[in-house]
Amino acid sequence: MKKSSLLIITVLMTLALLGVFVMQLYYIKESYKLKSELFDQNVNAALNAVVNKVQKKNAFVHINKKGSEIQTKKEKGIKSQMDAIVAFKLKFKESENLRKFKQEQQVFNYLNFQDSAIKATFFSPVMITEGQYKLYSGPNAKSNEIGLDIQDIRDNTGKLIKRNVSPRIPRIKQDLEMGRLPDTIRYLAFNPQDFLPIFVGFPSSDPDLVAKFKLEDAKAERKYQMELSSLYADTLSLYNDESLTILQDVATEMDDPNIPLKQRIPSKEFLDTLIKKEMLNKDITLDYSYWITPVRNKKEVIYQNASHSAILPIADNAYAHSLFSNDLIRDPGMLYVSFPNKNSAILENLFATMASSVGLLLVLIFIFTYTIYAIIRQKKLSEMKTDFINNMTHEFKTPVATIMIASEALKDPDVVTDKNRIGRLAGIIYDENVRLGNHIERVLNVARLENKELKLELSPVDLNDLVSAVVDSMDLQLKKKDADVTLSLAANTAVIMGDELHLSNVIYNLIDNANKYSVNSPRISISTKNTAKQITLTITDEGIGLTKDQTKRIFDQFYRVPTGNLHDVKGFGLGLNYVQDIVGKMGGSIKVQSEKDKGTTFEITLPFKHSN
């Protein structure tokens, strides 16, 4: 990715983050404003209720005082008037009972008339209930339970003397109550013509009587209400006359401009209780201060909290309400209420909102930072991979070119006859092939480590002997740079469980780096020592050293330390990454200490026993 593209992405993401930040600030500000307005509205509503009740209390006190003066005089007239009302109600009740009794008599006469008519028309009628009617009149009625039994009485010659006819019906009995009559009164009877059973009935209420009774009730109720209203009007006239007098006297007294403001306000205990109650009704539980002053002299405090001193001059966040706003002549008085902890309480109420906003911003900042970090890291990784490919191409190209030159030389007829030259060229080809194979093996080992396909073959290894063997194998390349290698293998117990091949590669890589990254003749110190359960291998050089940033990155894959003017330092940038992975798979750890231009120290710690 180009630097310009990375810059554009960074700028756009920064602008987006700033936009979200500004929006969150605006949202918190508006929330605070809304909460503050709601709080102000509740406080003003509570104070309005306080002022209204103070005014009502003041009027009640005056009216009650003036009314008590004429209470005795009024009671006598009202008592006699109330006795007249009670007597009228008793008289009406008696008249009402008599009228209801006459109505029941008319209903009774109607029922008797209907019953007599049915008994005169039909044979052996019997009154039945509605349930019995449904039982005997339905399709599944028992016909053998209803009928007529006929008995003929004859003389010795067979002549009919007398015929007795008696109905055969079930035992049926129905009791009627005047207040609980059914809609229809039914009878089971027999037709006098064919003597077959028949059901007859009549409505329990006569429509004409019902209409008549309603008219009588309405007239009686209207007459009662008119006479009662007249009696109450006489009683109310007593109230109205006296009430008018009271109100006129109270109005005159309440308009007296000489009454002090303190006398017009109820007691301080009443005021404390009233303000606290109205505040709680609006869910306001904050600590508050209140004080009452005249409008014309705000320094004179009439009432205030027992636990708070008057706040003078008036604070900006105090709420003010006029106690007697309708007074034009007298001082109306002012009620002030202040909440010292208002802002902190509103902010505390907004804690969840602010916490969620801060949390969201932190998440966005983390995502933004991590995204930029990942882009930069991927950019550096891409550059390192490009360097790795270039280095690998160079490292592979050299042995391949050498092999090609040696192969072409073998085709020369003059060379074929010279066995010494043939042997030397064959040795060059073999060495370069081995070199090329080592390069390929290193790349493959790293790939196996990444894919977790590399398995170590653990066996007892003497670390002191292995270090000596690796140093001996590197003797020629160390001598090329006139390197001075000092061995201090002081570990008494040096046998560990490890993979000898890969462990020798680890030691080789570290010594090779110490040799390559030295400007003058390398000075390399190699030592071993024991701890309780581990052995420590230390390799120190006096080379070009590393910066702190380089020290953090040297174990990254493909990373190579810049060498300034030393263009002859070759490699893939895989060595230390490979070293770290192998040491880790053996259960050990590796540390590095370095200072720019003062050398580097690698310290490897391995356990005596390790199971893969």
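You'll find the structure just up there.
Residues numbered from 1 in each chain as written. Predicted model: local features only at pLDDT ≥ 70, side-chain atom pairs only at ≥ 80, totals over all residues. Heavy atoms only, no water.

Caption draft 1: Here's a closer look at the sheet that holds strand E8 (residues 319-322). Judged by pairing direction, the sheet is antiparallel, and its 4 strands sit side by side in the order E7-E6-E9-E8 without closing on themselves. Two strands close off the open sheet at either side, each with one partner strand: strand E7 (303-304) and E8. (Pairing = 2+ DSSP bridges. Helix = DSSP H or I, 4+ residues; strand = E, 2+ residues; numbered from the N terminus.)

Caption draft 2: Molecular detail of the side chain of Asp115. Along the chain, Asp115 turns up in helix H2 (residues 71-121). Judged by its relative accessible area of 16%, Asp115 is buried. When neighbours within four sequence positions are excluded, Asp115 is seen to be in contact with Met127, Tyr187 and Phe202. (Buried < 20%, exposed > 50% of the residue type's maximum accessible area, 1.4 Å probe, protein only. Contact = heavy atoms within 4.5 Å.)

Caption draft 3: View of unusual backbone geometry. The phi angle at Asp283 is positive, at roughly 60 degrees, despite the residue not being glycine. Position of Asp283 among the secondary structure elements: in the loop between helix H6 (268-281) and strand E6 (289-293). A residue is classified by how much of its surface remains accessible, and Asp283, at 68% relative accessible area, is exposed.

Caption draft 4: Looking closely at the pattern of salt bridges. Per the counting criterion, the structure on display carries 12 salt bridges. A salt bridge links Arg99 to Asp217, with the nearest nitrogen and oxygen atoms 2.1 Å apart. In this pair, Arg99 is assigned in helix H2 and Asp217 in helix H4 (residues 207-254), connecting sequence segments 118 residues apart. Overall, the relative accessible area of 16% leaves Arg99 in the buried class. (Salt bridge = Lys/Arg side-chain N within 4 Å of Asp/Glu carboxyl O.)

Caption draft 5: Representation of the sheet that holds strand E15 (residues 589-595). Read from one edge of the open sheet, 5 strands run E11-E13-E14-E16-E15, paired in mixed fashion. Each of the sheet's edge strands pairs with one partner strand only, and the pair in question is strand E11 (484-489) and E15. Neighbour-to-neighbour, the strand axes of the sheet open up by a mean angle of 10 degrees, direction not taken into account. Of the pairings in the sheet, the one linking strand E14 (residues 534-541) to strand E16 (residues 599-607) comprises 8 bridges and is antiparallel in character. (Axes fitted to C-alpha atoms, helices over the stretch in contact; angles between N-to-C directions.)

Caption draft 6: Spotlight on a nonpolar patch on the surface. Judged by side-chain polarity, Leu7, Ile8, Val11, Leu12, Leu15 and Leu18 come together as a nonpolar surface patch covering roughly 590 Å² of accessible area. Summarising the element assignment, Leu7 is placed in helix H1 (residues 3-67). (Patch = residues over 30% accessible without salt bridge, like charges linked within 9 Å, V, L, I, M, F, W, Y side chains within 5 Å. Areas by Shrake-Rupley, 256 points an atom, 1.4 Å probe, with all protein chains shown as cover.)

Caption draft 7: Highlighting the pairing of strand E9 (residues 334-338). With 5 of its 5 residues buried, E9 lies for the most part within the structure. As paired strands, E6 and E9 are joined by 5 bridges and run antiparallel to one another. Looking across to E9, one finds that Thr293 is bridged to Met334. Taken together, the 4 bridges between E8 and E9 define a ladder with antiparallel strand orientation. Across the sheet, residue Tyr319 finds its bridge partner in E9, namely Val337.

Caption draft 8: Up close: H6. Given a rise of 1.5 Å per residue, 14 residues ought to cover 20 Å, and the 20 Å separating the end C-alpha atoms of H6 matches this to within 8%. Positioned one or two residues after H6, Asp283 has a phi angle of 60 degrees, which is positive. (Expected span 1.5 Å × (residues − 1).)

Caption draft 9: Up close: the packing of aromatic side chains. The tally for this structure, following the rule as stated, stands at 10 aromatic pairs. Measuring from ring centre to ring centre gives 5.7 Å for Trp291 and Tyr336, while their planes differ by 20 degrees; the resulting arrangement is stacked. With Trp291 in strand E6 and Tyr336 in strand E9, the pair connects residues that are 45 residues apart, well separated along the chain. Just as Trp291 is buried, Tyr336 falls in that class too. Through a chain of ring-to-ring contacts, the aromatic side chains of Phe39, Tyr288, Tyr319 and Phe339 assemble into a single cluster. (Phe/Tyr/Trp six-rings, centres within 6.5 Å; stacked < 30°, edge-to-face > 60°.)

By themselves, these figures tell us nothing about what the structure is for.
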